[in-house]
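# Observations on the three-dimensional arrangement
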Amino acid sequence: MAKKDVNEMSFLDHLEELRWHLIRCVVAVMIAATVAFLLKSFIFETLIFGPSKSNFLTYDLLCKASQLLGFDSFCNTEFDFEVQSRTMAGQFSAHIWTSITFGFIIAFPYVIFELWRFISPAMHENERKHSKGFIIISSLLFFLGVLFGYYIICPLSINFLGTYSVADKVHNDFDLNSYIGLIRASVLASGLIFELPIIIYFLTKVGIVTPEILKTYRKYALVVVLILAAIITPPDIASQVIVAIPILILYQISIYISKIVVKKQRKRAKANG
């Protein structure tokens, strides 16, 4: 059966098309999650619990970086805490959900590909041709964000929370799901935050955002970035600075991307007019 032209498709046809794209995304994530499930030892011993070990490669770099800023916040990596599972199904549940998280991360390029396949029929031929790099760029940004979350946000959070104490009598025994939740939130949130240039690109394309708006609200964006950095990192200045810098760089890149999009739109309008 021939595929219907996008202009002839009804709302229900679009929903049916979207449903199949989503099904294929879920299947891809499940296949990748199954692979992750089988690699239990590597996923947990090396990746999940890596940032809780004092020899994790990031800690030495963070220590030197903090000393350059006049702090020594990250130089104490002797973690005196244990991770425990307090429910019967706790470890199995953690294994399942961690595998799904890794499945989503691994399958992200395919998920983006399916998204592009869904929206591309509505694009002009010229737009479709120039947007093929969208899959590569968005995937690259997402993976950079995931790495930033894993190697920067996670060690910052574990270093602070794992050594924080209100009294000597209180010993830190963290729940397994709480610990993994911290890793998962840090990694996924960072991956999605790094998609900011892609989001700005599409918002500019539909006319919601312009370079002028981004410039005008840059000082407010700075405040939002600092608040965001304070939320996803421990409450010390060094951590917030380290996290805020790449987000501000992404914001500046987004302004540049918005300029390019508007410039091309104006040139096309002038040529057609």
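The numbering scheme is per chain: residues are counted from 1 as the chain's sequence reads. Local features in a predicted model are, by the rule used here, given only for residues with pLDDT of at least 70; side-chain atom pairs are given and counted only at 80 or more, and totals for whole chains, interfaces and linings are based on all residues. Based on all heavy atoms of the structure, the side-chain values leave hydrogens and waters out of the count.

## Describing the packing of aromatic side chains
Only the six-membered ring of Trp is used, alongside the rings of Phe and Tyr, when aromatic pairs are assigned; centres must lie within 6.5 Å, and planes under 30 degrees apart are stacked while those over 60 apart are edge-to-face, with the rest tilted. Throughout the structure, instances matching the rule amount to 13 aromatic pairs. Seen from their ring centres, Phe-56 and Tyr-59 are 6.0 Å apart, and the 65° between their planes marks the pair as edge-to-face. Here Phe-56 matches Tyr-59 in class, with each residue buried. Considering the side-chain rings of Phe-81 and Phe-174, the 5.0 Å spacing of their centres and the 55° angle between planes classify their relative orientation as tilted. In this pair, Phe-81 sits in strand 1 (residues 81–84) while Phe-174 sits in strand 2 (residues 172–175), placing the two residues 93 residues apart along the sequence. Buried residues are those whose accessible area, probed at 1.4 Å on protein chains only, stays under 20% of the maximum for their type, while exposed residues exceed 50% and partly exposed ones sit between those limits. Per the convention used, a helix needs a DSSP run of H or I reaching at least four residues, while a strand needs a run of E reaching at least two, with both numbered from the N terminus.

## Here we look at a nonpolar patch on the surface
Within this analysis, patches are made of residues with over 30% relative accessible area and no salt bridge. Like charges are joined at 9 Å or less; nonpolar side chains (Val, Leu, Ile, Met, Phe, Trp, Tyr) at 5 Å or less. Each accessible area value is a Shrake-Rupley result obtained with a 1.4 Å probe; residue values ignore everything except the protein chains displayed when judging cover. Just to be clear on terms, a salt bridge is a Lys or Arg side-chain nitrogen sitting within 4 Å of an Asp or Glu carboxyl oxygen. On the surface, Leu-57, Leu-61, Leu-140, Leu-144, Leu-147 and Tyr-151 cluster together into a nonpolar patch covering about 570 Å² of accessible area. Those elements that place two or more of their residues in the nonpolar patch are helix 3 (57–68) and helix 6 (133–163). Top contributing element to the nonpolar patch by residue count: helix 6, with four residues.

## Considering the packing of helix 6 against helix 7 (residues 176–193)
Each axis is a line fitted through C-alpha atoms, taken for helices only over the stretch in contact, and angles between the N-to-C directions span 0 to 180 degrees. Running from N to C, helix 6 and helix 7 point in directions that differ by 140°, and their axes come no closer than 7 Å. Comparing their axes, helix 7 and helix 6 come out oblique. In this structure, helix 6 meets helix 7 at a crossing whose hand is right-handed. Listed contacts from helix 7 to Leu-141, Phe-142, Gly-145, Val-146, Phe-148, Gly-149, Tyr-150, Ile-153, Cys-154, Ser-157 and Ile-158 of helix 6 are Tyr-179, Leu-182, Ile-183, Ser-186, Val-187, Leu-188, Ser-190, Gly-191 and Leu-192. Each residue receives one of three labels: charged for Asp, Glu, Lys and Arg, nonpolar for Ala, Val, Leu, Ile, Met, Phe, Trp, Tyr, Cys and Pro, and polar for the others, Gly being one of them. Among the residues making up the contact of helix 6 with helix 7, the classes are represented as 14 nonpolar, six polar and no charged. Note on terminology: angles under 35 degrees are roughly parallel, angles over 145 are roughly antiparallel, angles of 65 to 115 are roughly perpendicular, and the others are oblique. The hand of a helix crossing depends on one turn: near helix anticlockwise from the far one by less than a right angle means left-handed, and clockwise means right-handed. Working rule for contacts: check all heavy atoms of both residues, and any pair within 4.5 Å makes them a contact.

## Regarding the pattern of salt bridges
When their charged atoms lie close together, side chains carrying opposite charge are able to pair. For the structure on display, the rule yields three salt bridges. Note that Glu-114 and Arg-24 form a salt bridge whose closest N and O atoms lie 3.2 Å from each other. Residue Glu-114 is located in helix 4 (residues 90–119), and its partner Arg-24 is located in helix 1 (residues 11–38); the two are separated by 90 residues in the primary sequence. Judged by relative accessible area, Arg-24 falls into the partly exposed class, the value being 29%. The partner of Asp-175 in a salt bridge is Arg-86, with the nearest N and O atoms 3.9 Å apart. Within this pair, whereas Asp-175 is found in strand 2, its partner Arg-86 is found in the loop between strand 1 and helix 4, the two being separated by 89 residues in sequence. Of the residues examined, Asp-175 reaches a relative accessible area of 24% and is grouped as partly exposed. In the salt-bridge network here, residues are joined through shared partners; they are Arg-24, Glu-114 and Arg-117.

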